[in-house]
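Reading the structure
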Amino acid sequence: MATVTELRYYPVKGCAGVRAEQAELTRAGLAHDRAFMVVDERGVFRSQRRDPLLATVRPAVEEDGGRLRLVAPGVEPVAFAVDTVGPRREVQLFGAPYLAVDQGAEAAEWLSQVLGSPSRLVRVPPEHDRVTDGLTPGTSGFADSSAVHLLSRATLDDFNARIDEGAAPVPVDRFRPNVVVDGWPEPHTEDLLRRFTVGRTGPDARTGSGTGAELGYTKLAIRCAVTLVDQTTGGKAGPEPLRTLARYRRATAGGVAFGSKFSVLRPGTLRVGDELTVSDWGPSEL
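The model shown is predicted, which means the values in this text are computed figures rather than measured ones. (Residues numbered from 1 in each chain as written. Predicted model: local features only at pLDDT ≥ 70, side-chain atom pairs only at ≥ 80, totals over all residues. Heavy atoms only, no water.)

**Digging into the overall build of the protein**
The helix and strand inventory of the protein stands at 3 helices and 18 strands. At 18 Å, the protein has a C-alpha radius of gyration in line with the 19 Å of a compact globule built from 286 residues. When the accessible surface of the protein is summed, it comes to about 12500 Å², and 51% of that surface belongs to carbon and sulfur atoms. Side chains of the protein give 35 positive and 37 negative charges; the mean places of these two sets differ by 3 Å. (Helix = DSSP H or I, 4+ residues; strand = E, 2+ residues; numbered from the N terminus. Rg over C-alpha atoms; globule rule 2.2 N^0.38 Å. Areas by Shrake-Rupley, 256 points an atom, 1.4 Å probe, with all protein chains shown as cover. Lys, Arg positive; Asp, Glu negative; His and termini not counted. Charge placed at Lys NZ, Arg CZ, Asp CG, Glu CD.)

**As for the pairing of strand β10 (residues 96–102)**
Direction of pairing for strand β9 (residues 88–93) relative to β10: antiparallel, over a ladder of 6 bridges. Bridged to Arg88 within β10 is Val101. The antiparallel pairing of β9 with β10 creates a hairpin that spans 2 residues between the two strands, and Phe94 there sits at a positive phi of about 55°. Pairing between β10 and strand β11 (residues 120–123): 2 bridges, direction antiparallel. By the bridge assignment for β11, Asp102 is matched with Val122. (Pairing = 2+ DSSP bridges.)

**Some details on helix α2 (residues 153–162)**
If you check which residues of α2 are buried, you get Ala154, Thr155, Leu156, Asp158 and Phe159. Structurally, α2 contributes buried residues whose contacts are with β12 (148–152), α3 (242–248) and β16 (256–266). (Buried < 20%, exposed > 50% of the residue type's maximum accessible area, 1.4 Å probe, protein only. Contact = heavy atoms within 4.5 Å.)

**Regarding the nonpolar core**
The nonpolar side chains of a soluble globular protein tend to be buried with one another. Counting 49 residues, the largest nonpolar core has Leu68, Leu70, Trp110 and Leu121 as the members making the most contacts within it. Sorting elements by how many residues they give to this core places helix α1 (residues 105–115) first, with 5 residues. Setting aside chain neighbours within four positions, we find Leu121 in contact with Val12, Phe36, Met37, Val38, Leu68, Leu70, Phe80, Val101, Asp102, Gln103, Ala107 and Leu111. Residues Leu156, Ile163, Leu245 and Phe258 belong to the second largest nonpolar core, which totals 12 residues. (Core = buried A, V, L, I, M, F, W, Y, C linked by side-chain atoms within 4.5 Å.)

**Things to note about the pattern of salt bridges**
Overall, the coordinates contain 20 salt bridges when judged by the stated rule. Between Asp191 and Arg249 there is a salt bridge, with the nearest N and O atoms lying 2.8 Å from each other. Note that Asp191 is positioned in the loop between β13 (179–182) and β14 (193–198) and Arg249 in the loop between α3 and β16, a separation of 58 residues in sequence. Just as Asp191 is buried, Arg249 falls in that class too. Connected through salt bridges with shared partners, the residues Glu6, Arg8, Arg19 and Arg153 form a single ionic network. (Salt bridge = Lys/Arg side-chain N within 4 Å of Asp/Glu carboxyl O.)

**Describing the sheet that holds strand β3 (residues 22–26)**
An order of β4-β3-β17 is seen for the 3 strands of this open sheet, with the pairing classed as antiparallel. Looking at which strands have only one partner, the edges of the open sheet turn out to be β4 (29–30) and β17 (268–271). Bridge analysis of β3 against β4 gives 2 bridges, and the strand direction is antiparallel. Its bridge partner lying in β4, Leu25 is registered against Leu30.

**Thoughts on the packing of aromatic side chains**
If you walk through the whole model with that rule in mind, you get 6 aromatic pairs. Aromatic side chains Phe159 and Phe258 sit 5.8 Å apart centroid to centroid with 70° between the ring planes, which places their arrangement in the edge-to-face category. Separated by 99 residues along the polypeptide, Phe159 in helix α2 and Phe258 in strand β16 bring together distant segments of the chain. Through pairs of rings, three or more aromatic residues link up here, namely Phe159, Phe175 and Phe258. In this structure, Arg194 packs its charged tip against the face of Tyr217, placed 4.0 Å from the ring centre. (Phe/Tyr/Trp six-rings, centres within 6.5 Å; stacked < 30°, edge-to-face > 60°. Lys NZ or Arg CZ within 6 Å of the ring centre and 35° of its normal.)

**Here we look at the environment of Asp51**
Within the fold, Asp51 resides in the loop between β5 (36–39) and β6 (58–61). Counting along the chain gives 46 residues from Asp51 to Thr5, while the straight-line C-alpha distance between them is 30 Å.

**Details of α1**
Buried within α1 are the following residues: Ala107, Ala108, Trp110, Leu111, Val114 and Leu115. End-on view of α1: buried residues confined to an arc of 165°, all on one side of the axis. The exposed residues of α1 that point more than 90 degrees off its buried face are Glu109 and Gln113. Taken together, the buried residues of α1 touch β5, β7 (67–71), β8 (78–81) and β11. Phi turns positive, to about 75°, at Gly116, one or two residues after α1. (Arc of directions from axis to C-beta.)

**Re the side chain of Ser146**
Along the chain, Ser146 turns up in the loop between β11 and β12. Only 2.6 Å separates the side chain of Ser146 from the side chain of Thr218, close enough to count as a polar contact. Ignoring any residue separated from it by four or fewer positions in sequence, one finds Ser146 in contact with Thr132, Asp133, Ser140, Thr218, Lys219, Lys261 and Phe262. (Polar contact = N/O pair within 3.5 Å; in protein donor to acceptor, adjacent residues only side chain to side chain.)

Functional significance is not addressed by these values, which are geometric in nature.
Below, the structure is given as structure tokens:
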């Protein structure tokens, strides 16, 4: 039986994650996950692919989402009330147009100073109705695609056993998962999941009753150059994990796969220690 060992959400796309012992799972993923995004002057999203210093920005959002605080090395922190009702502006995520709410000059100036390039901070508006693709369509905020990225400890351990002798193990934060699970004896079991429940749902979710939040498989997680960035310093950390993954995890659709992505079929409350109950399995798409 697999159990949840880590929960992580990323309030600002591309910035540092926040670990939690408990988190609400909404239709768009863990509460506050990728609710904000940094964009350039044209409204195009910034990513660690080109702006690795995003990794050094540590956001903290209040539980009700009303205030956001940003911290980074060498600059004074900034905190401000979150705007969800201001004018909408056009932004682009992987070439697709969306509307977002700009979070004002103070946040923009702070991020521009940290990243060394003119930047703005925007938030998903309440009416955001993005539809994500994959085997089980769903929705998400400003995540690359699906709402939840799940990775198993067995998969990570197997990878670190394969890297060249003398190379440092790659930490889990380089893969930026939302949910880490442990208990499966075989690596890449998450490739085979098609539908599962976890945690609690319903009016008594916080007290432990209910049938569990439900998630459906969308696709394999295809890895990119973000995995090469040290998530503490924002510096490039070398060829791993992509070098080793290219040897044994090439996907038929292109790229290298590591972990799987899921849409949320039924929201609920997740806690570290929750068990996964799998109702449907399928063949790997690798």
